[in-house]
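Here are the chains, one letter per residue:
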Amino acid sequence: MEFMKVVQNRVSCRAYDPNREISKELLVKIAEAGKAAPSAANLQPWKFLFVSSPELLEKVRECYSRRWIDNAPHILIVKGSRSRAWVRRDGYNSLETDLTIAMDHMILAAENLGIASCWIAAFDNEKLRAVLGIKSDEEIFAITPLGYSADGSERKREKKRYDLDQAAEFI
Ligand SMILES: Cc1cc2nc3c(=O)[nH]c(=O)nc-3n(C[C@H](O)[C@H](O)[C@H](O)COP(=O)(O)O)c2cc1C
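Keep in mind that what you see is a predicted model, and the values were worked out from it rather than measured.

1. Side note on the site of the ligand
- Around the ligand sit 14 residues in total, of which S12, R14, Y64, W119 and R161 are the nearest.
- A distance of 2.9 Å separates an oxygen atom of the ligand from a polar side-chain atom of R10.
- Contact distances for the ligand include 2.9 Å between an oxygen atom and a side-chain N or O atom of R14.
- Tallied by class, residues from the shell around the ligand come to eight nonpolar, one polar and five charged.

2. What about the sheet that holds strand 4 (residues 138-147)?
- Pairing within the open sheet is antiparallel, and its four strands lie in the order 1-2-4-3. The open sheet has two edge strands with one neighbour each: strand 1 (46-51) and strand 3 (116-117).
- Sheet analysis places strand 1 next to strand 2 (residues 74-81), joined by six bridges and oriented antiparallel. Residue pairing for strand 2: K47 is matched across the bridge by K79.
- Strands strand 1 and strand 2 of the sheet are contacted by helix 3 (residues 54-61), whose axis makes an angle of about 70° with strand 2.
- Each of strand 1, strand 2, strand 3 and strand 4 touches helix 4 (residues 95-112); the most contacted strand, strand 4, lies at about 10° to it.

3. Some details on the environment of V11
- With respect to the secondary-structure elements, V11 resides in the loop between helix 1 (3-9) and helix 2 (24-35).
- Counting along the chain gives 106 residues from V11 to S117, while the straight-line C-alpha distance between them is 7.7 Å.

Rules used in this analysis
- Residues numbered from 1 in each chain as written.
- Predicted model: local features only at pLDDT ≥ 70, side-chain atom pairs only at ≥ 80, totals over all residues.
- Heavy atoms only, no water.
- Near = heavy atom within 4 Å.
- Polar contact = N/O pair within 3.5 Å; in protein donor to acceptor, adjacent residues only side chain to side chain.
- Nonpolar A, V, L, I, M, F, W, Y, C, P; charged D, E, K, R; others polar.
- Pairing = 2+ DSSP bridges.
- Helix = DSSP H or I, 4+ residues; strand = E, 2+ residues; numbered from the N terminus.
- Contact = heavy atoms within 4.5 Å.
- Axes fitted to C-alpha atoms, helices over the stretch in contact; angles between N-to-C directions.

Here it is in structure tokens:
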């Protein structure tokens, strides 16, 4: 797909077809896009977990309060290690920035493959850490369901955005 079309078409999908799984081949392509993301000092402090097994999916879903997630056949979890991320002299740690870029690469790669997603930050962090057995120096940054849109309705939704002159200045 043409890149600007991918960017414009992507919307947060909250209605998934529970009967259409994504092939391993396409999940790997999404992971490759995340791996290709830039990171400060190229430290790549990330790990991408693609959860597809019904037992684990059930537990992960319980860490988010909205029940629409139950229909998603896969959930991607982006986690990272703060001690592996680049630190600037003044103490700024690039973990969140690195993970944001990787997450965005994967969400856009998914869109390019016709796969829907929805960035979720409002998960129960403590509960999800316990479910996944996250190590003490690791952080779960974001999750997204991955799947095919149930009815295509989300894909026709208009993007609600401020006008370009409020978002950007060309000076
Ligand atoms: C950092 C971040 C956190 C978000 N967390 C949630 C969330 O917890 N639940 C949810 O339904 N959507 C979540 N979203 C999706 C936003 O609501 C959505 O991106 C925004 O409304 C714009 O709509 P669009 O993605 O369809 O263009 C999140 C998005 C971002 C970037």
